[in-house]
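Secondary and tertiary structure notes
Spelled out, the chains give:
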Amino acid sequence: MSQTSEKTKEHFSLGFSEETLGYLYALAGTVLFSSKGVIVKLVYKFGIDSVTVLALRMIFAIPFFAFVLYQETSKKSVTPISRKDYGIVVLLAFIGYYMASFFDFWGLEYLSASMERLVLFTFPALVLLLGFVFLKKKVHKIEIYSVALTYSGILLAFLPDAEAQGKSAWIGGTLVFLSALAYAIYLIGSGQMIPKLGSRKFTALLMIWSGVFVLIHFFSTKNYEILMHQPWQVYGYGFALGFLTTVVPAFLTTAGIQRIGSNKASIAGSVGPVFTLFLAAILLGEIITWENVVGTIIVLSGVFLLGRKKKVPE
């Protein structure tokens, strides 16, 4: 009976194994999440600033996360969250989604969508470096090679933008790098909290709090009437940002990580910069240079090495 149920669980959807489903979820989540930068750039064409776009995104996203949280907390077997754990979730929401999103959207005011995705993709290497500096984790040769590849690829891909845009490219690159750093800190912290709370409950609670921080920022610095008088296209893009590039990929990615682990999920996520590169060229008319292509390949090689490294006892 037990073996039968395990076998059914392993091949429950169109014959796909749990591992295959994990890759599909991670891939779909990456594609949707990677389109965020392109949609943000489209909204900016209507003269809206980054804080207002962030507020629109969260206004559309919060109701979905609130519904999921209601479902999770309504279960009879639900375990109350301790004050300490709740405080950690709120802190991770502030750093990992509010600060990361704020720096990311702000950086997109200066940087192209394809470069934004590439710089943001340094987070796996940042997780490694932070673990080495603060958690005293050992770093192996293959990890050093992967970090070197990642940053050399970004430097190569970044040069055309830096030459063409000058100071603004460096400002945008710095802001997006800060976003990647904030997200890396979140990833380290979330690894401890997801097993305690469950991925759905953790994700919903985290995103609701990050939305609260975004809205506090907006209402304390902007006039709320800005949200009331926008073209219909802006609201359409806002919904796409809130639901298609935030809610859906958040749950797809966590579902993928649950099935295949973060290392394999990061390999599946390597399609992100490539997808953004071509999507930005199609929808925004961004020019793809040989430096962009070669730099992207080098960055993805570094991430691939990091994801494929053998587990060595520490």
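Structural notes, computed from the coordinates. Quantities reported herein were computed from a predicted structural model and do not represent experimental measurements. (Residues numbered from 1 in each chain as written. Predicted model: local features only at pLDDT ≥ 70, side-chain atom pairs only at ≥ 80, totals over all residues. Heavy atoms only, no water.)

As for the packing of helix 4 (residues 50-73) against helix 5 (residues 83-107)
Keep this limit in mind: Here the axes come from fitting lines to C-alpha atoms, over the contacting stretch only for helices, and the angles between their N-to-C directions go from 0 to 180 degrees. Secondary structure elements follow DSSP: runs of H or I of four or more residues count as helices, runs of E of two or more count as strands, with numbering from the N terminus. The cut-offs work like this: below 35 degrees is roughly parallel, past 145 is roughly antiparallel, 65 to 115 is roughly perpendicular, and the gaps in between are oblique. The crossing is said to be left-handed when, going from far helix to near helix, the turn is anticlockwise and less than a right angle, and right-handed when the turn is clockwise. We call two residues contacting when some pair of their heavy atoms lies within 4.5 Å. In this classification, Asp, Glu, Lys and Arg are treated as charged, Ala, Val, Leu, Ile, Met, Phe, Trp, Tyr, Cys and Pro as nonpolar, and every other residue, Gly included, as polar.
Taken N-terminus to C-terminus, the directions of helix 4 and helix 5 make an angle of 130°; their axes are 9 Å apart at the nearest point. When the axes of helix 4 and helix 5 are compared, the pair comes out oblique. Where helix 4 crosses over helix 5, the two elements pack in a sense that is right-handed. Across from S50, V51, V53, L54 and R57 in helix 4, the residues of helix 5 making contact are S101, F102, F105 and W106. Per-class residue counts for the contact of helix 4 with helix 5 are 6 nonpolar, 2 polar and 1 charged.

So, the packing of aromatic side chains
What counts is decided by this rule: The rule is short: rings of Phe, Tyr and Trp, with Trp giving its six-membered ring, pair when the centres are within 6.5 Å, and they are stacked under 30 degrees, edge-to-face over 60, tilted in between. Think of it in three bands: with a 1.4 Å probe and only protein chains considered, a residue is buried below 20% of the maximum accessible area for its type, exposed above 50%, and partly exposed in between. Our definition puts a charge over a ring when NZ of Lys or CZ of Arg is within 6 Å of the ring centre and also within 35 degrees of the ring normal.
Taken as a whole and assessed by the stated rule, the structure comprises 18 aromatic pairs. Aromatic side chains F64 and F243 sit 4.6 Å apart centroid to centroid with 40° between the ring planes, which places their arrangement in the tilted category. Here F64, found in helix 4, pairs with F243, found in helix 11 (residues 232-268); they are 179 residues apart in sequence, far enough to count as distant. Exposure remark for F243: the relative accessible area of 23% places this residue in the partly exposed category. Counting every residue linked through ring pairs, the aromatic cluster contains Y86, F94, Y98, F102, F103, W106, W209 and F213. The cationic tip of R200 hangs over the ring face of F251; the distance from NZ or CZ to the ring centre is 5.9 Å.

Observations regarding the pattern of salt bridges
Our working rule: What counts as a salt bridge is simple: a side-chain nitrogen of Lys or Arg found within 4 Å of a carboxyl oxygen of Asp or Glu.
As enumerated under the stated definition, the model contains 7 salt bridges in all. Ionic pairing is found between D85 and K196, a salt bridge with its closest N-O pair at 3.3 Å. A residue pair is termed long-range when its members are at least 10 positions apart, and D85 in helix 5 and K196 in helix 9 (residues 167-197) qualify at 111 residues. For D85, a relative accessible area of 11% translates into the label buried. Judged by its relative accessible area of 55%, K196 falls in the exposed class. Residue E116 pairs with R117 through a salt bridge whose shortest N-O separation is 3.9 Å. One network of salt bridges, with partners in common, ties together K36, D104, E116 and R117.

Any functional reading would require information beyond the geometric quantities listed.
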